[in-house]
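Residue-level structure breakdown
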Amino acid sequence: MAVPKREMSRSGTRHRRARWKASTPNPVPVTVSGVTHRVPQHLVPACRRGLSRPED
C-alpha cells in the first residue's frame, strides 16, 4: 500500500476531495423482446439475460 511521504494539511485534503464529482450514469439503448429501452451501461448484460427488467 502506498504511504504518503508527508502529512497533508486538512485544507489541502478538503480541496482535493471537493474536486471529485460522481457522474450520472449514461443510458444506452438496449432491445429486449423487440422493445427498445434506455438503461445504464452496467445493466445492459443483465437486461439481455432477463435478470433485470428495464422500467420506463
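This is a predicted model, so every value here is computed, not measured. (Residues numbered from 1 in each chain as written. Predicted model: local features only at pLDDT ≥ 70, side-chain atom pairs only at ≥ 80, totals over all residues. Heavy atoms only, no water.)

Quick look at a positive patch on the surface now. Taken together, the side chains of Arg 10, Arg 14, Arg 16, Arg 17 and Arg 19 define a basic patch exposed on the protein surface. Judged by its relative accessible area of 56%, Arg 14 is exposed. (Patch = residues over 30% accessible without salt bridge, like charges linked within 9 Å, V, L, I, M, F, W, Y side chains within 5 Å. Areas by Shrake-Rupley, 256 points an atom, 1.4 Å probe, with all protein chains shown as cover. Salt bridge = Lys/Arg side-chain N within 4 Å of Asp/Glu carboxyl O. Lys, Arg positive; Asp, Glu negative; His and termini not counted. Charge placed at Lys NZ, Arg CZ, Asp CG, Glu CD. Buried < 20%, exposed > 50% of the residue type's maximum accessible area, 1.4 Å probe, protein only.)

With that settled, the discussion passes to the pairing of strand β1 (residues 27-32). With 6 bridges joining them, β1 and strand β2 (residues 35-40) adopt antiparallel strand pairing. Considered in β2, the bridge of Thr 31 is made with Thr 36. (Pairing = 2+ DSSP bridges. Helix = DSSP H or I, 4+ residues; strand = E, 2+ residues; numbered from the N terminus.)

On to the environment of Leu 43. Within the secondary structure layout, Leu 43 lies in the loop between β2 and α2 (44-49). Of the residues examined, Leu 43 reaches a relative accessible area of 31% and is grouped as partly exposed. The spacing of Leu 43 and Ser 11 is 32 residues in sequence and 38 Å in space, taken between C-alpha atoms.

Positioned with a positive phi, Ser 33 is a non-glycine residue whose angle comes to about 55°. Checked against the element boundaries, Ser 33 lands in the loop between β1 and β2. Classification of Ser 33 as exposed rests on a relative accessible area of 74%.

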